[in-house]
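Observations on chain architecture
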Amino acid sequence: MVEQIPTLSVRQSALPGNIKRAWRLGRKQGHYSRTLRGGGSVVRQLRAIRMLFFVILVLTACQSPNQSESAPTAKEPERSNNGFTNHEVDTNPAAIQIQGPMTVSLNPLLSYVGEDIYLDVSMVEGRYFEDWNPGPLMGRNWNGSFQFIIRDAANQIVQQFDIDSSFFQQVNQFFELSFADYNGDGDLDFALGQYGTSNGNFYQLYTIREDYSIERLVIAGRQELFASGGSRNTIELQTWGDHGFELDYYDNSEGKTFTNRYIWEKENNQFKLLETLMK
């Protein structure tokens with residue numbers, strides 16, 4: 001009498017691809033059949049089933065790393081212009097965002113020109129930092145590229161002028177400019193300075209034309225003036241005669257203060273040193 005063994009029935013369509021391959025491999029090698037005969041056949045069937053599941057486990061373990069490698073990587077958080085993530089900007093008080101120019105000098109021109117116009121000195125590119133170690137630049141510092149910006153009462157820009165970065169590139173205090181007509185042509189003139197030494201600072205002269213454009217005034221034989229007594233970024237020069245000015249400076253090598261007088265040469269469109277006097 002033939003003993004009928006229950007048939008192991010599995011739908012191949014319900015199995016993963018690696019299990020299907022193992023199933024077909026088992027069928028091809030004759031490890032199981034729908035009908036097994038004899039007691040020894042039962043043992044062989046159990047061994048075949050155990051071998052089948054062992055193959056399935058091996059194939060599944062091999063497939064897992066491949067799935068993890070193909071998984072999409074996490075998207076890196078978007079960063080703002082200053083290098084911080086949006087979350088850091090929201091939660092970290094040190095993540096300072098700067099929008100637009102940083103104005104270090106704001107100067108109303110209404111009393112000079114009769115219009116509600118402003119002249120700003122603004123850093124348009126660079127960095128802000130603080131240094132509280134004793135020294136000439138102790139405190140707040142703005143370092144970079146600066147512009148003169150003339151704007152109206154509605155904050156609309158009328159004119160812009162790049163300041164020579166080889167001369168003016170660092171400010172460590174807010175300041176107000178001083179205005180006068182140094183060359184007698186009817187336009188406003190002013191001096192812009194940069195730190196020099198403990199005895200004085202360096203200055204360049206500029207003028208504001210009728211259309212609010214800004215030009216640098218030439219000084220014959222030198223790139224800038226050296227003067228004592230002013231602040232490091234601005235100075236009020238003393239007008240002299242109808243079209244000139246004078247300034248004082250301290251000469252450390254002689255231990256004395258001198259006065260330089262400059263006059264405007266209209267034909268050459270420049271200031272020229274007229275004389276130097278000891279005070």
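This text gives an overview of the structure that appears in the document.

1. Regarding the sheet that holds strand E14 (residues 270-278)
Spatially, E11-E12-E13-E14 is the arrangement adopted by the 4 strands of the open sheet, whose pairing is antiparallel. The sheet is open, and its two edges are formed by strand E11 (238-239) and E14, each paired on a single side.

2. As for the pairing of strand E2 (residues 117-131)
Summarising the sheet, strand E1 (residues 102-108) and E2 pair through 6 bridges and their orientation is antiparallel. Bridge pairing links Ser-105 to Val-121 in E2. Sheet analysis places E2 next to strand E3 (residues 139-152), joined by 14 bridges and oriented antiparallel. By the bridge assignment for E3, Ser-122 is matched with Gln-147.

3. Description of the packing of aromatic side chains
All told, the structure shown has 16 aromatic pairs when counted by the stated rule. The interplanar angle of 25° and the centroid separation of 6.1 Å between the aromatic rings of Phe-148 and Phe-161 together place this pair among those described as stacked. Taken together, the positions of Phe-148 in strand E3 and Phe-161 in strand E4 (residues 157-162) put the pair 13 residues apart, joining distant regions of the chain. Residue Phe-148 is classed as buried on the basis of its relative accessible area of 1%. Each ring, one from Phe-245 and one from Tyr-262, has its centre 5.1 Å from the other, and the planes form 15°; the classification is stacked.

4. Focus: the pattern of salt bridges
Taken as a whole and assessed by the stated rule, the structure comprises 8 salt bridges. Measuring nitrogen to oxygen at the nearest pair gives 2.5 Å for the salt bridge that ties Asp-120 to Arg-151. Pair noted here: Asp-120 is in strand E2 and Arg-151 is in strand E3, with a separation of 31 residues, a long-range link. For the pair shown, Asp-120 and Arg-151 are each scored as buried. Between Arg-261 and Glu-246 there is a salt bridge, and its shortest N-O distance comes to 2.9 Å. Taken together, the positions of Arg-261 in strand E13 (residues 256-265) and Glu-246 in strand E12 (residues 244-251) put the pair 15 residues apart, joining distant regions of the chain. Here the salt bridges share partners, and the residues they tie into one network are Asp-185, Asp-187, Arg-209 and Glu-215.

Calculation rules
- Residues numbered from 1 in each chain as written.
- Predicted model: local features only at pLDDT ≥ 70, side-chain atom pairs only at ≥ 80, totals over all residues.
- Heavy atoms only, no water.
- Pairing = 2+ DSSP bridges.
- Helix = DSSP H or I, 4+ residues; strand = E, 2+ residues; numbered from the N terminus.
- Phe/Tyr/Trp six-rings, centres within 6.5 Å; stacked < 30°, edge-to-face > 60°.
- Buried < 20%, exposed > 50% of the residue type's maximum accessible area, 1.4 Å probe, protein only.
- Salt bridge = Lys/Arg side-chain N within 4 Å of Asp/Glu carboxyl O.

Take it as geometry only, folks, not as evidence of what the structure does.
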